[in-house]
Amino acid sequence: MFARTVSISDPGTLSERFCATGTCWLRHGEGLVGIGQAARYQPTDAADAQKWWDRFCSELSVHNDLPDVFGTGPLAFVSLPFDPDNTAAQAVLQVPAFVIGKRNGRSWLTTISEATALPDLPAPPAVPTSPVPLTCSAASLEPTPWKDAVAKTISRLDDNLTKVVLARSVKATLTGEVDPVWLIRWLAERYPNCWTYHNAGLVGATPELLARLENGLVTSRVLAGTIRRNSGEEVDLKLAQSLARSSKNLIEHELAVASVATALQPFSLSMNVAEHPFILELPNVLHLASDITARVRDQASALQVAAALHPSAAVCGTPTPLALATIAELEFLDRGRYAGPVGWMNSAGDGEFGIALRCGQIDPLNTKAINIYAGCGIVAESDPEEEYAETTAKLIPMLAALGFDHD
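Residues numbered from 1 in each chain as written. Predicted model: local features only at pLDDT ≥ 70, side-chain atom pairs only at ≥ 80, totals over all residues. Heavy atoms only, no water.

A. Molecular detail of helix H1 (residues 46–58). Compared with the 18 Å implied by 1.5 Å per residue over 13 residues, the 18 Å span of H1 between its first and last C-alpha is a close match. All of the buried residues along H1 are Ala 46, Asp 48, Ala 49, Gln 50, Trp 52, Trp 53, Phe 56 and Cys 57. Buried residues along H1 sit against strand S4 (39–41), strand S6 (75–79), strand S7 (92–95), strand S9 (106–113), helix H6 (302–309) and strand S20 (341–346). For H1, the N-terminal capping position is held by Asp 45, with its side-chain oxygen 3.3 Å away from the main-chain nitrogen of Ala 47. (Helix = DSSP H or I, 4+ residues; strand = E, 2+ residues; numbered from the N terminus. Expected span 1.5 Å × (residues − 1). Buried < 20%, exposed > 50% of the residue type's maximum accessible area, 1.4 Å probe, protein only. Contact = heavy atoms within 4.5 Å. Polar contact = N/O pair within 3.5 Å; in protein donor to acceptor, adjacent residues only side chain to side chain.)

B. Spatial organisation of the pattern of salt bridges. Under the criterion given, the structure shown has 14 salt bridges. A salt bridge links Arg 156 to Glu 329; the nearest nitrogen and oxygen atoms lie 2.7 Å apart. One end of the pair, Arg 156, is in helix H2 (residues 143–156); the other, Glu 329, is in helix H7 (residues 320–330), with 173 residues separating them in the sequence. Owing to a relative accessible area of 33%, Arg 156 belongs among the partly exposed residues under this scheme. For Glu 252, the salt bridge identified is with Lys 163, shortest N-O distance 3.8 Å. In this pair, Glu 252 is assigned in helix H5 (residues 247–264) and Lys 163 in strand S11 (residues 163–174), connecting sequence segments 89 residues apart. Summarising the burial analysis for this pair, Glu 252 and Lys 163 share the class buried. (Salt bridge = Lys/Arg side-chain N within 4 Å of Asp/Glu carboxyl O.)

So this is what it looks like as structure tokens:
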């Protein structure tokens, strides 16, 4: 197999290159779009995925005209389940036949094929039509039982169990097939600060970067603590100030940051953890956010680091074993690949992985339906009504993209 990366002229808007069977990782108009398939593998876990990818790359004949550009060379797009022990939720590793990339004013094309000649780049897909919504209903617990589950969780919190993340899902059905091409274009345009992604029917725009590894430097963005935005700038400013002073949200955020820093420690030669969170503004919500950076040991890969960080307190709780047990008992939801690591890696081990949030999974048995997910962190000061409202706010990006009224 031959892997070639060559410089190309600006391919235009990357989201317009994405096709329904492809993969992508986009932010601020830059990133990667995978087209076609050179290989596909269903790993048992992250370690199995890494082993398979290393072996695959060792058998490639690689030519890269842009070796110093992040994201060039052969790439694998990977999506892992939230619960590594959930054998029903299959991990996915895809190696595209074509990858179109754009970063810092440079554009490139990577191809993987058995042919010695450079294959022709596929034409962009047709302009998608907007979806026509049909129904939207609870796919896990109905509102009242879900709030009851939150109340039960709060009653169990103590010195041994300090935080649990509970999620819920809704099933959205359209009159026609769910089109990931429409969703990717819509999300990439309206949520440019997020990482817009697609892998095997899992589609979304996550604000949370689990691990970005480039030349030995890891960056992780932790989000915990959320409030829904208002339409007015002055009101949003007051909401941001309220969020920054909220003891409930600050406790939740501190636990999430600590869990990531602790998980990074075995890989780290040095680490920098922000003293105070900042306010991340998205079109629908405000988040408390902190960036953590670390210089890591040479043998670490992006996938290995992401797997070690997952599940963090931001999507599971703390301590992890007790939080997982509580989720399994009270959530009544198979998360599948929701809230699991999703992203890409190259042959050198560098790459980017986010947490699969603000997303939906297209139903493989009914392509007119998609399950959409949202969760929130439950701590001692949580209120069931407020937590339900938070999940409602987090469902907005996907519901709006599908044409549903989200007010």
